[in-house]
Amino acid sequence: MFKENITLSESFSFELKPKFALIGVNTGFSALTDFNITSSKWNFGDGTTFNSNDKKASHKYLEIKTYKLEVELARKDGVKAIKTFDIIVGNPKESADRTIKDYRTR
């Protein structure tokens with residue numbers, strides 16, 4: 001059939017909290033993992049990026065919508081993991097309603 005070379009590299013899983021933000025409010029994000037994280041790169045999906053020496057970042061979204069937040073973590077041993085999360089941005093009631101609706105859909 002088809003022949004294609006693929007490359008696999010060691011990685012690890014992590015989660016993110018929170019997955020919603022209030023519009024115009026600085027939101028603290030944290031990657032949830034038990035590994036010793038020495039650096040992280042954050043692409044907030046609105047053209048803003050941030051580099052950190054740990055697994056935390058904060059950001060203020062200025063528009064109501066759902067953003068794709070990409071996070072890359074690096075462990076002390078050099079192993080990296082990249083994951084993308086949907087971040088729902090809105091007013092408190094709208095953010096809660098959309099989060100519940102998305103949860104029920106899943």
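Asker: Before we go on, may I ask you to explain the pattern of salt bridges in this structure?
Answerer: It is possible for side chains bearing opposite charge to pair when their charged atoms get close. For the structure on display, the rule yields 6 salt bridges. A salt bridge links glutamate 10 to arginine 75; its shortest N-O distance comes to 3.5 Å. On the criterion of sequence distance, the pair formed by glutamate 10 in the segment before strand S1 (15-17) and arginine 75 in strand S7 (residues 65-75) is long-range, its members being 65 residues apart. You can call arginine 75 buried: its relative accessible area is 10%. Salt bridges linked by common partners bring Glu10, Arg75 and Asp77 together as one network.

Asker: What should I look at first to understand the nonpolar core in this one?
Answerer: One broad rule of soluble globular proteins: the nonpolar side chains tend to lie buried together. Phe14, Phe29, Trp42, Tyr61, Leu69 and Ile87 are the most contacted members of the largest nonpolar core, which totals 20 residues. Contributions of two or more residues to this core are made by strand S3 (26-32), strand S4 (37-43), S7 and strand S8 (80-90).

Asker: Would you mind showing me how to read the sheet that holds S1 here?
Answerer: In any sheet, the strands associate via hydrogen bonds between backbone groups, in a parallel or an antiparallel arrangement. What the 3 strands build is an open sheet, ordered S1-S3-S6; its pairing is antiparallel. The open sheet terminates on both sides in strands that have one partner only, identified here as S1 and strand S6 (56-60). Sheet twist, expressed as the average angle between the axes of neighbouring strands with direction ignored, equals 25 degrees. Of the strand pairs in this sheet, S1 and S3 are connected by 3 bridges, and their pairing is antiparallel. The residue of S3 that forms the bridge with glutamate 15 is leucine 32.

Asker: Explain the sheet that holds S8 here, please?
Answerer: Within the open sheet, the 5 strands sit side by side as S2-S8-S7-S4-S5. Their pairing is mixed. At either margin of the open sheet sits one strand with a lone partner, and together these are strand S2 (20-22) and strand S5 (49-52). Taking the axes of each pair of neighbouring strands and ignoring which way they run, one obtains an average angle of 25 degrees across the sheet. Of the strand pairs in this sheet, S4 and S5 are connected by 4 bridges, and their pairing is antiparallel. Counterpart to lysine 41 in the pairing with S5 is asparagine 51.

Asker: Sorry, what's going on with the packing of aromatic side chains here?
Answerer: Describing an aromatic ring pair means giving the distance of the ring centres and the angle of the ring planes. Evaluated as defined, the whole model comprises 7 aromatic pairs. Considering the side-chain rings of phenylalanine 12 and phenylalanine 35, the 5.1 Å spacing of their centres and the 55 degrees angle between planes classify their relative orientation as tilted. On the criterion of sequence distance, the pair formed by phenylalanine 12 in the segment before S1 and phenylalanine 35 in the loop between S3 and S4 is long-range, its members being 23 residues apart. A residue is classified by how much of its surface remains accessible, and phenylalanine 12, at 11% relative accessible area, is buried.

Asker: Could you clarify how one ought to interpret the environment of leucine 73 in this entry?
Answerer: Residue position: leucine 73 is located in strand S7. Under the relative-accessibility criterion, leucine 73 is labelled buried at 0%. Sequence spacing of leucine 73 and phenylalanine 50 is 23 residues, and the spatial spacing of their C-alpha atoms is 12 Å. What leucine 73 contacts, discounting residues up to four positions off in sequence, is Phe12, Phe14, Ala31, Thr33, Ile37, Ser39, Ser40, Lys55, Val79, Lys80 and Ala81.

Parameters and conventions
- Residues numbered from 1 in each chain as written.
- Predicted model: local features only at pLDDT ≥ 70, side-chain atom pairs only at ≥ 80, totals over all residues.
- Heavy atoms only, no water.
- Salt bridge = Lys/Arg side-chain N within 4 Å of Asp/Glu carboxyl O.
- Helix = DSSP H or I, 4+ residues; strand = E, 2+ residues; numbered from the N terminus.
- Buried < 20%, exposed > 50% of the residue type's maximum accessible area, 1.4 Å probe, protein only.
- Core = buried A, V, L, I, M, F, W, Y, C linked by side-chain atoms within 4.5 Å.
- Pairing = 2+ DSSP bridges.
- Axes fitted to C-alpha atoms, helices over the stretch in contact; angles between N-to-C directions.
- Phe/Tyr/Trp six-rings, centres within 6.5 Å; stacked < 30°, edge-to-face > 60°.
- Contact = heavy atoms within 4.5 Å.

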